[in-house]
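Listed below, chain by chain, are the residues.
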Amino acid sequence: QVQLVESGGGLVQPGGSLRLSCQLAGDIFSSYEMWWHRQAPGKQRELVAGIDAIGRATHYADSVKGRFTISRDNVNAMLYLQMNSLNSEDTAVYFCRARNWRAGDDYWGKGTLVTVSS
């Protein structure tokens, strides 16, 4: 069974940086497109960034373009989200997601909380 475990969340001041990590266990990491989503208090979950299975193509929400960078390490089955120039609107629970279109698999982690506050 596939498990996704996020880490790296915490409290950061406006303008600061954090790097989130997500480890996949239980299957071949390179079989999956990987995504970061987030859900702010009282709001719907939204897509933040995505990366294809081999790390060649990336996608970002307009709200994070130029500030966030998604990357992956297929050797160690790790997904990352480098977040810079954070502001209060980035406060949310961040979720890691793994999708294998061909197999119809779709897995979510439990999330890690990012709080941007002075």
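Described in the following lines is the structure provided in the data block. Sequence order sets the numbering: in each chain, residues are counted from 1 along the sequence as written. Where totals are concerned, whole chains, interfaces and linings use all residues; where local detail is concerned, this predicted model gives features only for residues with pLDDT of at least 70, and gives and counts side-chain atom pairs only at 80 or more. Each side-chain value is derived from all of the structure's non-hydrogen atoms; neither hydrogens nor water enter the calculation.

Notes on the packing of aromatic side chains
The cut-off we apply is this: Paired rings are identified among Phe, Tyr and Trp, the last through its six-membered ring, by centres lying within 6.5 Å, and are further divided according to the angle between planes into stacked (under 30 degrees), edge-to-face (over 60) and tilted (the rest). Strands are runs of DSSP state E lasting at least two residues, helices are runs of H or I lasting at least four, and both sets are numbered from the N terminus onward. Relative accessibility decides the category of a residue: with a 1.4 Å probe and only protein chains considered, values under 20% of the type maximum give buried, values over 50% give exposed, and everything between is partly exposed. Whether a charge lies above a ring is judged from NZ of Lys or CZ of Arg, which has to be within 6 Å of the ring centre and within 35 degrees of the ring normal.
Applying the stated criterion across every chain yields a total of two aromatic pairs. Taking the centre distance of 6.4 Å and the plane angle of 80 degrees together, the rings of Phe-95 and Trp-108 count as edge-to-face. In this pair, Phe-95 is assigned in strand E9 (residues 92-100) and Trp-108 in strand E10 (residues 105-108), connecting sequence segments 13 residues apart. Residue class for Phe-95 comes out buried when judged on its relative accessible area of 9%. Note on Trp-108: relative accessible area 35%, which makes it partly exposed. Note that Arg-45 overlies the ring of Trp-108, its terminal NZ or CZ placed 4.7 Å from the centroid.

Side note on the sheet that holds strand E7 (residues 68-73)
For clarity, the threshold we go by: Two strands pair if DSSP finds at least two bridges between them. Comment: axis = line fitted to C-alpha atoms, over the contacting stretch for helices; angle = value between 0 and 180 degrees taken between N-to-C directions.
If you trace the four strands from one edge of the open sheet to the other, you get E1-E3-E8-E7, paired in antiparallel fashion. Each of the sheet's edge strands pairs with one partner strand only, and the pair in question is strand E1 (3-7) and E7. For this sheet the average axis-to-axis angle between neighbouring strands, irrespective of direction, equals 15 degrees. As judged from the six bridges shared by strand E3 (residues 18-25) and strand E8 (residues 78-83), these two strands associate in the antiparallel manner. From the neighbouring strand, Leu-18 faces E8, where its bridge partner is Met-83.

Notes on the state of the cysteines
Which entries qualify depends on this criterion: Counting rule for disulfides: a pair of cysteine sulfur atoms within 2.5 Å.
Counted according to the given criterion, the structure contains one disulfide. Paired by a disulfide, Cys-22 and Cys-96 hold their sulfur atoms 2.0 Å apart. Between Cys-22 and Cys-96 the sulfur-sulfur dihedral comes to about -75 degrees; the bridge is accordingly left-handed. With Cys-22 in strand E3 and Cys-96 in strand E9, this residue pair connects regions lying 74 residues apart in the sequence. There is no split in this pair, since Cys-22 and Cys-96 are both buried.

What about the side chain of Arg-72?
Note the cut-off: Positive charge is attributed to Lys and Arg, negative charge to Asp and Glu, and no charge count is given to His or to the chain ends. Within this document, salt bridges are pairs made up of a side-chain nitrogen of Lys or Arg and a carboxyl oxygen of Asp or Glu, the two lying within 4 Å of each other. Here a polar contact is taken to be a pair of N or O atoms separated by no more than 3.5 Å, where protein atoms must pair a possible hydrogen donor with a possible acceptor and residues adjacent in sequence count only if both atoms sit in side chains. Between two residues, a contact is recorded if the distance between any of their heavy atoms is within 4.5 Å.
When you line up the elements, Arg-72 lands in strand E7. Buried charge without a partner: Arg-72 forms no salt bridge, and the closest opposite charge is Asp-52, 5.7 Å away. Within the structure, Arg-72 has its side chain in polar contact with the backbone oxygen of Tyr-32 (distance 2.9 Å). Only 2.7 Å separates the side chain of Arg-72 from the backbone oxygen of Asp-52, close enough to count as a polar contact. Setting aside residues up to four positions removed in sequence, Arg-72 forms contacts with Phe-29, Ser-30, Tyr-32, Glu-33, Met-34, Ile-51, Asp-52, Ala-53, Ile-54, Gly-55, Met-78 and Leu-79.

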